[in-house]
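This is what each chain is made of:
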Amino acid sequence: MRVLKFGGSSVGSIDAIRQVTDIIIKKRRDHQIAVVVSAFKGVTDSLEEAITHASEGNETYREILTELEQRHNTVIKKLVSIQKQSQTLAQFKMMFNELDDVLHGVSLTRELTDRTRDFVMGFGERFSAFIISEFLNDTGISADYVDARQLIKTNRDFGSARVLFDETAENICSYFEQADPDSIQVITGFVASTESGESTTLGRGGSDYTASLISAALGADAIELWTDIEGMMTADPRKVKRYFVIPELSYEEAMELSYFGAEVVYPPTLQPAMKANIPILIKNTFKPDVDGTRISDQSVPGESVIKGISSIDNITLLTVRGSGMIGVTGISSRLFGALADAGVNIIMITQASSEHTISVAVLPGQAEAARKAIEAEFSYELQDNNIDEIQVEDDLSIVAVVSDNMRQKPGISGRVFQALGVNGINVIAIAQGSSERNISIVVDRKNETKTLNTLHDAFFLANLKTVNLFLVGVGLIGGKLLELIQKQAKKLLDDYHLELKLAGISNSKKFLIDENGIALDNWKDRMLSKGDDANISNFIDQMAGLNLSNSIFIDCTASDEVSQVYGEVLGSNISIVTANKKANSSSLAKYEELQRLAFQNNVAYLYETNVGAGLPVVATLKEQVLTGDEVMRIEGVLSGTLSYIFNTFDGSSSFSEVVRTAREKGFTEPDPREDLNGHDVGRKLLILTREAGLKLEFDNIDIQNLVPEEAREVDSVEEFFAILKEHDDEFTELYKDAEANNKKLCYIARYEDGNATVKLEKIDVDHPFYGLDGSDNIVAFKTQHYQQSPIVVKGPGAGADVTASGIIADILRISNTPSFREEW
């Protein structure tokens, strides 16, 4: 014997009902079956709306009734043959008139009792079961319409009736003993009745419960719950996109998931099935060959150590605390007794081991009643200040991690809290049952979806990590970065199980944000056609509003305005990778604030490309400092532009011609004065000294400006070159003097003995920078550990390709090293 239950979505259309009939025909070949059906999709909601309008005297209820009647009549006409249509329509009309009469009475009296509401709400299932039984008979399959009110008996708590199990089981067995075994019993779900015959309901989702009660009474082989999804999921598909179907669950696991928001199975359904040890199969009506989920007394380990994650999206947390609670007997029983007397359902309880604090989670609609009940019970303690004012926290969510295997697997709690911590999710309260089957955490409601996705990725996608990138600046460096990400995407995914998803992008005119990702092959067209007008504040607001896990903000601009929002980004628990030096070379207070914010919010703030493009300059220095080494001297050629100019300036061409050629080749800024004034090198030296732990401001650096004084304020670049040409002899003389002494010119940044300088020097052949070639950078760190042979980092220090490569390296540092955020 098998009991098949078909939900509202399974009987939501004529085609769906035909599909249900096909499933019934196939199933009855191998099993004796009974069928339980819900109302057609949306009908219960329409009945709720109609009775509400009727109770208010609003004649709109008649329009709803007309639509309901027309819908069911249309289904009958489409499914039942012409020969039997008239009889079926007439029988349906008699049933429908009963509904019409009740609603008419409600509209006249404007009185609506729970008893009347239950009576009205059950009509959807009565209509559905009747029509489906008639359709089966019309197709040659013997079927009987069964009103479950004859079978399932409850108490008189209308709206939340409790089943009388013994009477119900006796009725079911008696009915099926007399029923034709060759006829399929098509039973109304959801509805029941009192012993005196008054209609009651089993709660929304109660059709599952109906199927379970019938199965338990008959000792069925299995219960099949047919719906429009493929089974119980590892998480809510509406909130977690990369969910999986759970093949096997124990009753206890299913109960935990259902209690905490998984809506596939109505929680009371599990009790009769578990008591009778009847497996529950969850199947997709529209994909009947898919295995679905099996719920039984067996806990079958899956690929992940946990089975699923579910949530209740809106709860209120009430906290009772005070020194007067410590060591006092009966506090808990008084608290829970008061809430029970007030009819408040407690969803979760957590208590400090010191007995100083007890927190309870309730639904928001019961929060005020709960607060009043607690205050009334502890009025004397509150008056004497033995208990503090009751704390009420709204807009919270509960997220539950569920598995029978937690007891045998150490470290699950650690993984939960590490994943949440890395993504900046604050845990407000925690509860774990003694069965170790469930870890429940309370988080801010705005973090519910982020929490679900973070935990789902941590446990079910441990071999795949998605990183959400928000890029500002798509010029030369930003464009190269996107090209590099697109080029490396397959390798990163295949070899490192890392998906870099572009979730936001902005240039100076437009910005676009899409949590589902922006394709790298048409980002520009999408941004320009679909994007909003560029505004960094709006960009940050939308990025923070998405609240995606593993988010990184990337700055490929040289903008002061963009650097000003770093604090807001870090405060939103979003990591930063930046090639923009403005923030780190501004005031020391700003630099230290950003470091503090990154640490406080447990996110990364990386800027390797601030000095030396893709060279590991900052990382090398930072590692030495972290290991306790003391930096004694920093010395470097930190400008690829000036490195190229002085490595090329050999006397065969004038200095102004060398600078002009460097500009034409793209080695300098459009205005070469920005390179020659030494400020960029000074900013890089400032950043390195700060990374070494030194507290310097930009004004503390003595910078030699190579731009002739009279050329510094002229308007055009050509005017600058004209003046620079007048000073060619000075630079030629410097070169010749250096050459005569077997030296070369080199623009060097240096920190030593408390002095920071940036100036043009003449270095001899023994200097480590003498052999520098082309536009290469070089940095030497003399430290306590490396005094005789300083640490030297050398290589290309400029160019979009190497800078983009350095940005990718920072992204990978954040993505692949869990402990990285703690160190950085």
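This one's a predicted model, so the numbers in the text were calculated from it and none came from an experiment.

Please clarify how unusual backbone geometry should be interpreted in this entry.
Backbone phi values are negative for most residues with the exception of glycine, while trans is the configuration of most peptide bonds. Of note in this structure, His-497 is not a glycine but carries a positive phi near 55°. Within the secondary structure, His-497 is located in the loop between helix H16 (476-496) and strand E19 (498-506). Even without glycine at this site, Asn-573 takes up a positive phi of about 60°. Following the sequence through the fold, Asn-573 ends up in the loop between helix H20 (566-571) and strand E23 (575-578).

What is the right way to read the layout of surface pockets from this model?
Over the atoms rolls a probe the size of a water molecule, and in doing so it shows where empty space is left. The computed volume of the second largest pocket comes to approximately 1,100 Å³. Of all the secondary-structure elements, those providing two or more residues to the lining of the second largest pocket are H16, helix H23 (640-648), helix H25 (673-676), helix H26 (679-691) and helix H29 (800-816). It is H26 that contributes the most residues to the lining of the second largest pocket, four residues altogether. When grouped by side-chain class, the residues that make up the lining of the second largest pocket number 11 nonpolar, 17 polar and eight charged.

Any chance you could explain the packing of helix H11 (residues 331-341) against helix H12 (residues 367-377) here in plain terms?
The relative placement of two packed helices comes down to the angle between their axes together with the axis-to-axis distance. Two numbers describe how H11 lies on H12: the axes approach to 9 Å, and their chain directions differ by 135°. The angle between H11 and H12 falls in the class oblique. Read as a crossing pair, H11 and H12 show a hand that is right-handed. Facing H11, whose interface residues are Arg-334, Leu-335, Ala-338 and Leu-339, H12 presents Ala-370, Ala-373, Ile-374 and Glu-377. Per-class residue counts for the contact of H11 with H12 are six nonpolar, no polar and two charged.

Help me out: how do you make sense of the sheet that holds strand E3 (residues 143-146) in this one?
Strand pairs in the sheet, formed through backbone hydrogen bonds, run parallel or antiparallel to each other. Spatial strand order, E3-E5-E2-E1-E8-E10-E11-E9: eight strands in an open sheet with mixed pairing. Each edge of the open sheet is held by one strand with a lone partner, namely E3 and strand E9 (248-250). Shown here is a sheet whose adjacent strand axes are inclined to one another by a mean of 20°, direction ignored. One ladder, built from five bridges, connects strand E8 (residues 222-227) with strand E10 (residues 280-284); its direction is parallel. Among the inter-strand pairings, Leu-225 is bridged to a residue of E10, identified as Ile-282. Running at roughly 150° to strand E5 (residues 184-188), helix H7 (residues 165-178) makes contact with strand E2 (33-37), E3 and E5 of the sheet.

What's the story with the nonpolar core in this structure? I'm lost.
For soluble globular proteins, the rule of thumb is that nonpolar side chains tend to be buried together. In terms of nonpolar packing, the biggest core is built from 99 residues, with Phe-6, Leu-99, Leu-103 and Ile-295 touching the most fellow members. Of all the elements, helix H6 (residues 123-138) adds the most residues to this core, at eight residues. Discounting residues that sit within four places of it in the chain, Ile-295 has contacts with Leu-249, Ser-250, Tyr-251, Ala-254, Val-265, Leu-270, Ile-278, Pro-279, Ile-280 and Ile-282. Core analysis: the next-biggest nonpolar cluster, separate from the first, contains 77 residues, Val-472, Ile-540, Leu-588 and Tyr-605 among them.

Please clarify how the packing of aromatic side chains should be interpreted in this entry.
The geometry of two aromatic rings is summed up by the distance between their centres and the angle between their planes. On inspection of all chains with the given rule, the structure shows 21 aromatic pairs. Relative to Phe-539, the ring of Phe-470 lies with its centre 6.5 Å away and its plane at 85°, an arrangement referred to as edge-to-face. A residue pair is termed long-range when its members are at least 10 positions apart, and Phe-470 in strand E18 (residues 465-472) and Phe-539 in helix H18 (residues 536-546) qualify at 69 residues. Of the residues examined, Phe-539 reaches a relative accessible area of 1% and is grouped as buried. Taken together, a centroid distance of 4.1 Å and an interplanar angle of 15° make the contact between Tyr-644 and Phe-667 stacked.

Is there a simple way to think about the packing of helix H2 (residues 43-55) against helix H5 (residues 114-121) in this case?
Close contact between H2 and H5 brings their axes to 9 Å; oriented N to C, the two are set at 140°. Regarding the angle of H2 to H5, the classification is oblique. As H2 runs across H5, the sense of the crossing is right-handed. Of H5, the residues touching H2 (which contributes Thr-44, Leu-47, Glu-48, Ile-51 and Thr-52) are Thr-116, Arg-117, Val-120 and Met-121.

Can you walk me through the side chain of Thr-293 in this structure?
With respect to the helices and strands, the residue Thr-293 is situated in strand E11 (residues 293-296). At 2.9 Å, the side chain of Thr-293 forms a polar contact with the backbone nitrogen of Met-232. Separated by 2.6 Å, the side chain of Thr-293 and the backbone oxygen of Ile-246 make a polar contact. Aside from chain neighbours lying at most four places away, what touches Thr-293 is Glu-230, Gly-231, Met-232, Val-245, Ile-246, Pro-247, Leu-249, Ile-280, Leu-281 and Ile-282.

Please clarify how the pairing of strand E13 (residues 348-351) should be interpreted in this entry.
Consecutive side chains along a regular strand alternate between the two faces of the sheet. Taking every second residue as pointing to the same face, the buried face of E13 carries Met-348 and Thr-350, while none of Ile-349 and Gln-351 on the other face is buried. Two strands pair when backbone bridges link them, and E13 and strand E14 (residues 357-362) are joined in this way by four bridges, in the antiparallel orientation. Paired with Gln-351 across the strands is Ile-358, a residue of E14.

What counts and how
- Each chain has its residues counted from 1, following the order in which its sequence is written.
- Two thresholds apply to this predicted model, a pLDDT of at least 70 for residue-level local features and 80 or more for giving and counting side-chain atom pairs, whereas whole-chain, interface and lining totals are computed over all residues.
- The side-chain numbers reported here are obtained from all heavy atoms of the structure, hydrogens and water having been left aside.
- Secondary structure counts use DSSP, requiring at least four H or I residues in a row for a helix and at least two E residues in a row for a strand, with both numbered from the N terminus.
- Cavity: a set of points on a 1 Å grid over the protein atoms alone where a 1.4 Å probe fits but cannot get out. Pocket: an open set with protein on both sides within 12 Å along at least five of seven lines, its lining residues, like those of a cavity, having an atom within 4 Å of a point.
- Grid points are joined across faces, edges and corners, and a volume is the space filled by probe spheres set on the points.
- Any residue that is not Ala, Val, Leu, Ile, Met, Phe, Trp, Tyr, Cys, Pro, Asp, Glu, Lys or Arg is counted as polar, Gly included; the first ten are nonpolar and the last four charged.
- Here the axes come from fitting lines to C-alpha atoms, over the contacting stretch only for helices, and the angles between their N-to-C directions go from 0 to 180 degrees.
- Comment on the angle field: the value is read as roughly parallel under 35 degrees, roughly antiparallel over 145, roughly perpendicular from 65 to 115, and oblique elsewhere.
- Throughout, a crossing is termed right-handed when the near helix is turned clockwise from the far one, and left-handed when it is turned anticlockwise from it by less than a right angle.
- Whether two residues touch is decided by their heavy atoms; if any such pair falls within 4.5 Å, the residues are in contact.
- Strands are treated as partners if at least two bridges between them are detected by DSSP.
- By nonpolar core is meant a set of buried Ala, Val, Leu, Ile, Met, Phe, Trp, Tyr and Cys residues that side-chain atoms within 4.5 Å join together.
- A simple rule labels every residue: compare its accessible area, found with a 1.4 Å probe on the protein chains alone, to the largest value its type can have, and call it buried under 20%, exposed over 50%, or partly exposed in between.
- Aromatic contacts are taken between Phe, Tyr and Trp rings whose centres are within 6.5 Å, Trp giving its six-membered ring; a plane angle under 30 degrees counts as stacked, one over 60 as edge-to-face, and the others as tilted.
- Each polar contact in these results corresponds to two N or O atoms within 3.5 Å; when the atoms are within protein, one needs to be able to donate a hydrogen and the other to accept it, and residues that are neighboring in sequence are counted only if both atoms are side-chain atoms.

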